[in-house]
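# Observations on the model geometry
What follows is the residue order along each chain.
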Amino acid sequence: MAQNGSVRKGRPNILVTGTPGTGKTTTSSALAEATQLHHIIVEDLVKEKNLHDGWDDQLDCFLINEDLVCDELEDLMEEGGNIVDYHGCDFFPERWFDQVVVLQTDNTVLYDRLSRRGYTGSKLSNNIECEIFQVLLQEAKESYPEDIVVALKSDNIEDITRNVASLTAWVGSWHPAT
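Conventions used here
- Residues numbered from 1 in each chain as written.
- Predicted model: local features only at pLDDT ≥ 70, side-chain atom pairs only at ≥ 80, totals over all residues.
- Heavy atoms only, no water.
- Helix = DSSP H or I, 4+ residues; strand = E, 2+ residues; numbered from the N terminus.
- Rg over C-alpha atoms; globule rule 2.2 N^0.38 Å.
- Buried < 20%, exposed > 50% of the residue type's maximum accessible area, 1.4 Å probe, protein only.
- Areas by Shrake-Rupley, 256 points an atom, 1.4 Å probe, with all protein chains shown as cover.
- Lys, Arg positive; Asp, Glu negative; His and termini not counted.
- Charge placed at Lys NZ, Arg CZ, Asp CG, Glu CD.
- Phe/Tyr/Trp six-rings, centres within 6.5 Å; stacked < 30°, edge-to-face > 60°.
- Lys NZ or Arg CZ within 6 Å of the ring centre and 35° of its normal.
- Contact = heavy atoms within 4.5 Å.
- UniProt positions renumbered as here; feature names shortened; annotations may be inferred.
- Polar contact = N/O pair within 3.5 Å; in protein donor to acceptor, adjacent residues only side chain to side chain.
- Patch = residues over 30% accessible without salt bridge, like charges linked within 9 Å, V, L, I, M, F, W, Y side chains within 5 Å.
- Salt bridge = Lys/Arg side-chain N within 4 Å of Asp/Glu carboxyl O.

Within the protein, the secondary structure is distributed over 7 helices and 7 strands. Sequence-ordered secondary structure for the protein, helices as α and strands as β, is β-α-β-α-β-β-α-β-β-α-α-α-β-α. Radius of gyration (C-alpha) of the protein: 16 Å, near the 16 Å computed for a compact globule of 178 residues. Expressed along its principal axes, the backbone C-alpha trace of the protein runs to roughly 50 × 35 × 30 Å. Across the 178 residues that make up the protein, the buried fraction comes to 49%. With the model as given, the accessible surface of the protein reaches about 9,000 Å², and the carbon-plus-sulfur share is 49%. When the 14 basic and 31 acidic side-chain charges of the protein are each reduced to a single mean position, those positions are 6 Å apart.

As structure tokens, then:
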């Protein structure tokens, strides 16, 4: 049994979540390279496998079908050794993850990042408000055991480097519970 009650082979599963623009993909990519865990970008998986219910013109994104995503990931997650990169977390089964990382970014830094990505209007303001009110951290704490949820500052490359080093050390010391 893994630490959270699931049966898993020798590698942990990590969820990296946070408001868009907090550095999930940068952090997850570097962590995957350092640990040889498999990096799964949920947004890319949704596009590649058509795991959505269409396009939301107002939010300029796919309407993710959470059941299809979970069905697609089930076998991989049971094997272990995955980093799941997504800006939401409450629909994934609790048993999948050994660590849930919520990246947080200063609002001014986040505003600049999202503006550079072309976010405007309600899409920009909704994401900034999400960060201000720590919506993803609250969602993670409500969805997973609090002892596996960790919030990490992600304002700059130094933060990301420190976060990757810390998470790499955690992966190196992780052992499935028996």
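It is worth spelling out the packing of aromatic side chains at this point. On inspection of all chains with the given rule, the structure shows 8 aromatic pairs. Geometrically, the ring pair formed by F92 and W96 is tilted, given 5.9 Å between the ring centres and 35° between the ring planes. Judged by relative accessible area, W96 falls into the buried class, the value being 0%. The ring of Y119 has K123 sitting right over it, with the charged end atom 4.6 Å from the ring centre.

Here the focus is the side chain of T105. Here T105 is to be found in the loop between β6 (99-104) and α4 (107-116). Accessibility expressed as a relative area gives 5% for T105, which makes it buried. Aside from chain neighbours lying at most four places away, what touches T105 is G21, T22, L110, R113, E131, S154 and D155.

This part takes up the environment of E139. If you trace the backbone, E139 turns up in helix α6 (residues 135-143). E139 sits in the buried class, given a relative accessible area of 17%. Along the primary structure E139 and F91 are separated by 48 residues, whereas in three dimensions their C-alpha atoms are 10.0 Å apart. Ignoring sequence-local partners within four residues, the contact set of E139 consists of G88, C89 and D90.

Annotation from UniProt places "binding site: ATP" (unreviewed entry) at G21, G23, K24, T25, T26 and R117. Topologically, K24 is positioned in helix α1 (residues 24-35). Here K24 falls in the buried class, since its relative accessible area comes to 9%. Look past the residues within four positions of K24 in its chain and what remains in contact with it is V16, T17, G18, T19, D85, Y86, H87 and L103. Here the side chain of K24 touches T19 through a polar contact of 3.2 Å, landing on its backbone oxygen.

A contiguous patch of negative charge on the surface is contributed by E66, D67, D71, D90 and E142. No other element matches helix α3 (residues 66-79), which puts 3 residues into the negative patch. Along the polypeptide, E142 turns up in helix α6. A residue is classified by how much of its surface remains accessible, and E142, at 61% relative accessible area, is exposed.

For the rest of this paragraph, the subject is the pattern of salt bridges. As enumerated under the stated definition, the model contains 5 salt bridges in all. E78 is the partner of R95 in a salt bridge, and the nearest nitrogen-oxygen pair spans 3.5 Å. Taken as a pair, R95 in the loop between β5 (82-85) and β6 and E78 in helix α3 lie far apart in primary sequence, 17 residues in all. With a relative accessible area of 26%, E78 lands in the partly exposed category.

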